[in-house]
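Topology and contacts: notes
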Amino acid sequence: MMAGILLAAGVFTGVMQGSGMLKAMAQAAVGFVPPAMASHIPVSPLTPATFLVVGLCGIDLADHQRFTFPLLFGATIVMTIACVALGVFSL
């Protein structure tokens, strides 16, 4: 079922891109975002993959998030410390 949804979303996106609607919708959405806040918006291409994997594994998304949150939060802390240490990001 999830693979069908992703395939339909891909077809729908292709149709919208070919007609120019996708570009117009993106420009309208960007118009609502203040320039100072634009760098804080995450745009992840991994979201559909997460839904696909959860659907294929037969587990609840909530259970998946509960299990992975501590691990991913720890990875975020490690990456933040590494960025500060390397001077990529300063507080």
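Because the structure is predicted, anything quoted here is derived from the model rather than measured.

**Comments concerning the packing of helix α1 (residues 2–19) against helix α3 (residues 47–57)**
Here α1 crosses α3 at 155°, and the two axes come no closer than 9 Å. When the interaxial angle is binned, α1 and α3 end up roughly antiparallel. When α1 is examined against α3, the residues Met-2, Ala-3 and Leu-6 are found in contact with a partner set consisting of Pro-48, Phe-51 and Leu-52. Along the lines of polarity and charge, the residues of the contact of α1 with α3 split into 6 nonpolar, no polar and no charged.

**What about the environment of Met-16?**
Mapped onto the elements of the fold, Met-16 is located in helix α1. Once residues within four sequence positions are removed from consideration, Met-16 is found in contact with Met-21, Leu-22 and Met-25.

**Some details on the packing of aromatic side chains**
Tallied over the full model, the rule gives 1 aromatic pair. Look at Phe-69 and Phe-73: their rings are 5.8 Å apart centre to centre, the planes differ by 20°, and that puts the pair in the stacked class. One end of the pair, Phe-69, and the other, Phe-73, are both in helix α4 (residues 61–86), 4 residues apart, so they sit about a helical turn from each other. The class of Phe-69 is exposed, set by a relative accessible area of 56%. Overall, the relative accessible area of 47% leaves Phe-73 in the partly exposed class.

**Focus: the environment of Met-1**
Looking at the secondary structure, you find Met-1 in the segment before α1. Between the alpha carbons of Met-1 and Leu-52 there is a distance of 9.1 Å; along the sequence they are 51 residues apart.

Cut-off values and rules
Residues numbered from 1 in each chain as written. Predicted model: local features only at pLDDT ≥ 70, side-chain atom pairs only at ≥ 80, totals over all residues. Heavy atoms only, no water. Axes fitted to C-alpha atoms, helices over the stretch in contact; angles between N-to-C directions. Helix = DSSP H or I, 4+ residues; strand = E, 2+ residues; numbered from the N terminus. Parallel < 35°, antiparallel > 145°, perpendicular 65-115°, else oblique. Contact = heavy atoms within 4.5 Å. Nonpolar A, V, L, I, M, F, W, Y, C, P; charged D, E, K, R; others polar. Phe/Tyr/Trp six-rings, centres within 6.5 Å; stacked < 30°, edge-to-face > 60°. Buried < 20%, exposed > 50% of the residue type's maximum accessible area, 1.4 Å probe, protein only.

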